[in-house]
Amino acid sequence: MSKNKPIFVTSPLLPPLEEFQTYLKEIWESKWLTNNGQFHQQLEKELCDYLGVKHVCLFSNGTLALITALQALGITGEVITTPFSFVATTHSLWWNNIKPVFVDIDPYTFNLDPTKVEAAITPKTTAIMPVHVYGTPCNLKAFEQIAETYNLKLIYDAAHAFGVEINGNSILNFGDLSILSFHATKVFNTFEGGAIICQDEKMKRHIDDLKNFGFRGETTVVAAGINAKMNEMQAAFGILQLKYIEEAREKRKKIAKTYRQTLKSTEGITCLNDFPDIKHAYSYFPVLIEQEKYGMSRDQLYEKLKENNIYSRRYFYPLISNFPTYKGLSSAKKDNLPNANNIAKHVLCLPIYPSLEIEDVYRISDIILESKFK
Ligand SMILES: *Cc1c(COP(=O)(O)O)cnc(C)c1O
């Protein structure tokens, strides 16, 4: 622990290099670099087992998985979604010529508020795309009910929700499709990568066609597909990473617990609800800062941490609905999204990653405590 060592909001989980080299040697020997190779098949199978899901379709990244998921379900017209997410959620709609319709979030989970969804449904609405923000499960039952009542498709952006379970059941088993991201900054990474989780064999086949130019067999093209395949190097890295994922989750859990303990009595600093009964991914550690009670604004604390070489992040600020591409939409108006705008202004994500030392967690907490009304 040194005061000058920079601490970023995250740091990737990297297995021992020597172990990866043995996989690379195999790839060199087989000369099979991509196109549903042995490691690709093995990772799909191992992820099905680990996550407790029926079908996994691997992708080169999470954004292409989102874009392809919308294609696979033939989504058009309007889709109801949250503005409080990473920008790729809405971009995936835009790239499919779909109009995003923003609905506000609920202030307890920061997820899309199902009680506000019905009012936004129009004859053009074809789907709902909620996000399990920070890995906190959405209100699965409520969304299922709305989707059924209005005959809408339900696509979850589960990029933060790797391994999240409620009562032993993966939340990826809900909705028509769920999308994972394996980007370097995520809990489980393959440098870049992603996946679609689907519920039946036929859909898996369709998605597998779509991510490989629409090819089925050597000469048949069944759809206007894209190239979004995960390669063998990524897949091999994923297999190796999976061996260390539980250990990494335990370390994240300990860090989250330490933050909660050290920050719990600081007025003006609120941690996200803990939600018992859930197996968390601990992908992020968001706190809300209330200037009136704490003395500093979120942005001032962000700068203060930076002065100490600690690089927290204001996820998710700015709100997607406030970016130039989307702010002209009628649903993007600030008075339509009061909770999302409020949270985006007050939230700060503190560093959390498996190799972050507990002394450093104390040091970060100390700076936050010492900065109160300075
Ligand atoms: C990371 C992320 C994505 C995009 O995933 P990539 O693999 O980086 O393309 C999509 N949605 C959310 C919520 C994300 O956090």
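Quick look at the structure, then. (Residues numbered from 1 in each chain as written. Predicted model: local features only at pLDDT ≥ 70, side-chain atom pairs only at ≥ 80, totals over all residues. Heavy atoms only, no water.)

Brief notes about the packing of helix α2 (residues 38-51) against helix α7 (residues 232-243)
In contact at an axis separation of 8 Å, α2 and α7 are set at 35° when each is read in the N-to-C sense. Judged by the twist between their axes, the crossing of α2 over α7 is left-handed. Between α2 and α7, the contacting residues are Gln38, Phe39, His40, Gln42, Leu43, Glu46, Leu47 and Tyr50 on the first element and Glu232, Ala235, Ala236, Gly238, Ile239 and Leu242 on the second. Its residues assigned to classes, the contact of α2 with α7 comprises 8 nonpolar, 4 polar and 2 charged. (Axes fitted to C-alpha atoms, helices over the stretch in contact; angles between N-to-C directions. Helix = DSSP H or I, 4+ residues; strand = E, 2+ residues; numbered from the N terminus. Left-handed = near helix turned anticlockwise from the far one by under 90°. Contact = heavy atoms within 4.5 Å. Nonpolar A, V, L, I, M, F, W, Y, C, P; charged D, E, K, R; others polar.)

A few points about the nonpolar core
One finds Leu47, Phe84 and Tyr134 to be the most contacted residues of the largest nonpolar core, which totals 77 residues. If you tally residues by element for this core, the top one is α7, at 6 residues. Setting aside chain neighbours within four positions, we find Phe84 in contact with Ile105, Phe110, Val133, Tyr134, Tyr315, Phe316, Leu319, Ala340, Ile343, Ala344 and Val347. Counting 26 residues, the second largest nonpolar core, distinct from the first, contains Ala256, Tyr259, Leu263 and Ile367. (Core = buried A, V, L, I, M, F, W, Y, C linked by side-chain atoms within 4.5 Å. Buried < 20%, exposed > 50% of the residue type's maximum accessible area, 1.4 Å probe, protein only.)

As for the site of the ligand
Taken together, 15 residues lie near the ligand, and Thr63, Asp157, His160, Ser181 and Lys186 sit nearest. Interatomic distance of 2.6 Å between a side-chain N/O atom of Thr63 and an oxygen atom of the ligand. Of all the secondary-structure elements, those providing two or more residues to the shell around the ligand are α3 (62-72) and α4 (88-94). Take the shell around the ligand: its biggest share by element is 3 residues, from α3. (Near = heavy atom within 4 Å. Polar contact = N/O pair within 3.5 Å; in protein donor to acceptor, adjacent residues only side chain to side chain.)

Taken by themselves, the reported measurements are silent on function.
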